[in-house]
Amino acid sequence: MAGKIKNILFIMFDQLRFDYLSCAGHPTLETPYIDRLAQKGVRFTRAYVQSPVCGASRMSFYTGRYVHSHGAAWNNYPLKVGEMTLGDHLREAGMDAFLVGKTHMKADEKGMDRLGVSRDSVIGARVSECGFDVYLRDDGLWGEGPSGFYDKRRSPYNEYLKAKGYEAENPWAENANAGVADDGEVASGWFMKNARMPANIREEDSETPWLTSRAIDFLEERRKSDAPWLCHLSYIKPHWPYIVPAPYHAMYGANHILPAVRHLDERADPHPVYAAFMNNPIGQAFSRDEVRETVIPAYMGLIKQCDDQMGRLYAYLEESGRMDDTMIVVTSDHGDYLGDHWLGEKDLFHDPSVKVPLIVYDPSREADAARGTICDELVETIDLAATFIEAAGGEVPRHIVEGRSLLPFLRGRKPEDWRNFAVSEYDYSPTPMASELGVEPKDARLFMIVDRRWKFVHAEGGFPPMLFDLENDPQEFADLGRSGAHADVIELMYGRLSRWARRLSQRTTVSDAEAIARRNNPYATGILIGVYDENEIEPRWSAKYSGPAKQRFLLEPESD
């Protein structure tokens, strides 16, 4: 080991469940390379995202702030121009920050125009890209419908595929995320029945190997420079469409999938918001066994391909010597229900959705004692921003970054005042479920408080709370939110939510130290408010207001 962190490789897989790794206990899915990183670092078992949807979660990762603070509460909600990001903090500490892959960030174009920030400037480019210098950005959803493309920007991946000889106008849709039917027609991965098919693409040209190759290109270029860097390597997979190239499409079958974590009691008088999500098209689809038995093997194949690419990436890091001086993080922006709790996708707060894998490898000697350990403390994913700033040698600006550094855990220590609950929140106002429930946008919001035993969800709009006893009901089947027997727990959770909501989060331009410094010399700038007699204060504070008058401008009395 080199004994010091120089660089940071921040790897994020999109929609990877916390329990779909062999090191996390999955009995049929083997992920030896990610497991190997866990053996070299620390695996956190209770890491919660700050919102269980792509855009909002990622903006919290990149700012180190709760959604309540940064305001980008859903996919394609712009991140305000004034929000400081990971790149801003790291550059202050002398470390560059680069992007290879996805951010799902929407630029605040109106704010940039109002402030006259040119998109062609360095500042404008960084403001438009979550503070990163972009080596390559590809958000990975190049769907196309009657209104055009979902993502209006160019697709670097599509350009790559066309250069490789793929002739389709949109090879992302027709090759990387589609198979070929028996009659020669495109079998789109959007239709989950096609998940059994191999994607119509050479495996080495599919999305995950392609992005790994671009990351290795970046790392190879950085070998020419001694400047420290953070590289955010952000994969689109195993996010849907659920289809994977050969040989991964055939590695798993229905006999490899785990039974759905769901109970008929969950359908009996469910919470209204939960019911709306259960009854949406995604929830209804994943409640069918044929959907799970078709989709989950493909999802597992996508994860297996991701793990194999980690083996390829780690081999490069070891050959180039970067494994000795680079902190490596593997995580996800949220999970995937896959039919658990009669739900599909993400959005709500059961563990398959809101809890994510988090593995951190620290190459420094101080971390030797904690290698291969498991930490079950409550972690929020905003803690990574603070961790990276501290790892880069910077001081975490506590008035801006709301997460806390994980370095003590990586080095075998637990802070005495570590948090006793974690928070997540979800704004579902843009969804059809809000219309179905008849709630205004201001009321289509959920807040989760979780501690070591209880998980509590407050729903705006006059709905009752939800409550789960994780000790006696770890699978979260029984909602106790309307149980009079748990009024004391609900009161405790509302108290926590109230304290969290009252936290100081918007005074981001003045640090605590600066605020305290202003207490010590209130008269230093000559504002002597509240002083009746100059003798009541030290002479130095009133020196500018004493001495002979230079002139007199008193009016003389008028003569008769």
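Below or above, wherever it landed, is the structure these notes cover.

Each value, and the rule that gives it
- Residues numbered from 1 in each chain as written.
- Predicted model: local features only at pLDDT ≥ 70, side-chain atom pairs only at ≥ 80, totals over all residues.
- Heavy atoms only, no water.
- Helix = DSSP H or I, 4+ residues; strand = E, 2+ residues; numbered from the N terminus.
- Axes fitted to C-alpha atoms, helices over the stretch in contact; angles between N-to-C directions.
- Parallel < 35°, antiparallel > 145°, perpendicular 65-115°, else oblique.
- Contact = heavy atoms within 4.5 Å.
- Nonpolar A, V, L, I, M, F, W, Y, C, P; charged D, E, K, R; others polar.
- Buried < 20%, exposed > 50% of the residue type's maximum accessible area, 1.4 Å probe, protein only.
- Pairing = 2+ DSSP bridges.
- Phe/Tyr/Trp six-rings, centres within 6.5 Å; stacked < 30°, edge-to-face > 60°.
- Lys NZ or Arg CZ within 6 Å of the ring centre and 35° of its normal.
- Left-handed = near helix turned anticlockwise from the far one by under 90°.
- Arc of directions from axis to C-beta.
- Salt bridge = Lys/Arg side-chain N within 4 Å of Asp/Glu carboxyl O.

### Re unusual backbone geometry
Step number 1: Here the amide bond leading from Lys-237 into Pro-238 is cis, since omega sits at 10°, within 30 degrees of zero.
Step number 2: Inspection of the secondary structure assignment puts Pro-238 in the loop between β9 (229-235) and α10 (272-278).
Step number 3: Pro-247 follows Ala-246 through a cis peptide bond whose omega is 5°.
Step number 4: Inspection of the secondary structure puts Pro-247 in the loop between β9 and α10.

### Description of the packing of helix α7 (residues 156-163) against helix α9 (residues 207-222)
Step number 1: α9 packs onto α7 with a crossing angle of 100° between their chain directions and a minimal axis gap of 12 Å. Comparing the axis directions of α7 and α9 gives the class roughly perpendicular. Seen from α7, the contacting residues are Pro-156, Tyr-157 and Tyr-160; seen from α9, they are Glu-207, Trp-210 and Arg-214.
Step number 2: For the contact of α7 with α9, the class distribution of residues is four nonpolar, no polar and two charged.

### A few points about the pairing of strand β14 (residues 422-427)
Step number 1: β14 sits mainly inside the fold: six of its six residues count as buried.
Step number 2: Side-chain alternation along β14 places Ala-422, Ser-424 and Tyr-426 on one buried face and Val-423, Glu-425 and Asp-427 on a second face that is also buried.
Step number 3: As defined by bridge partners, β14 adjoins strand β15 (residues 445-450) across six bridges and the pair is classed as antiparallel. Following the sheet pairing, Ser-424 is matched in β15 by Met-448.

### Focus: the packing of aromatic side chains
Step number 1: Counted under the stated rule, the structure contains 24 aromatic pairs.
Step number 2: Aromatic pair Phe-44 and Phe-409: ring centres 6.3 Å apart, planes at 85°, arrangement edge-to-face. A residue pair is termed long-range when its members are at least 10 positions apart, and Phe-44 in strand β2 (residues 42-48) and Phe-409 in helix α15 (residues 407-410) qualify at 365 residues.
Step number 3: Over the aromatic face of Trp-342 sits the side chain of Arg-267, whose NZ or CZ is 4.4 Å from the ring centroid.

### As for the pairing of strand β17 (residues 466-469)
Step number 1: Covered by surrounding structure in β17 are Met-466 and Phe-468 together with Leu-467 and Asp-469, the residues of both alternating faces.
Step number 2: Here four bridges tie strand β16 (residues 454-459) to β17, and the two strands are oriented antiparallel to one another. Bridge assignment links Trp-454 to a residue of β17, and that residue is Asp-469.
Step number 3: Linking β16 back to β17 in an antiparallel pair, the connection comprises six residues, with Gly-461 at a positive phi of about 90°.

### Examining the packing of α9 against helix α12 (residues 289-320)
Step number 1: Running from N to C, α9 and α12 cross one another at 15°; their axes reach a closest spacing of 10 Å. In terms of orientation, α9 lies roughly parallel with respect to α12. Helix-helix and strand crossings are classified by hand; for α9 and α12 the assignment is right-handed. Across the interface between the two elements, Thr-208, Pro-209, Thr-212, Ser-213, Ile-216, Leu-219 and Glu-220 of α9 pack against Gln-305, Cys-306, Gln-309, Arg-312, Leu-313, Tyr-316 and Leu-317 of α12.
Step number 2: Taken together, the residues that form the contact of α9 with α12 break down as seven nonpolar, five polar and two charged.

### Let's talk about the sheet that holds β14
Step number 1: Pairing in this open sheet of four strands is antiparallel, and the strands run β14-β15-β16-β17 from one edge to the other. With partners counted over all chains shown, the strands left at the sheet margins are β14 and β17, one partner each. With direction set aside, neighbouring strand axes in the sheet form an average angle of 15°.
Step number 2: The sheet strands contacting helix α17 (residues 487-501) are β14, β15, β16 and β17, and the helix crosses β16 at an angle near 65°.

### Considering helix α1 (residues 32-40)
Step number 1: Considered for burial, the residues of α1 that qualify are Ile-34, Asp-35, Leu-37 and Ala-38. For α1, the angular spread of the buried residues around the axis is 155°, confining them to a single face.
Step number 2: Elements that come into contact with the buried residues of α1 comprise β1 (7-13), β2, α12, β10 (326-332) and β11 (355-361).

### A closer look at the pattern of salt bridges
Step number 1: Applying the stated criterion to the full structure yields 45 salt bridges.
Step number 2: Across the pair Arg-137 and Asp-139 runs a salt bridge, and its minimum N-O distance is 2.8 Å.
Step number 3: Of the residues examined, Arg-137 reaches a relative accessible area of 10% and is grouped as buried.
Step number 4: Look at Asp-139 and you get buried, because its relative accessible area is 8%.
Step number 5: For Lys-237, the salt bridge is made with Glu-207, and the minimal N-O distance between the two is 3.8 Å. Here the residue Lys-237 occupies a position in the loop between β9 and α10, and Glu-207 occupies one in helix α9, the gap between them amounting to 30 residues. Both residues of the pair, Lys-237 and Glu-207, belong to the buried class.

Coordinates in, geometry out; function isn't part of it.
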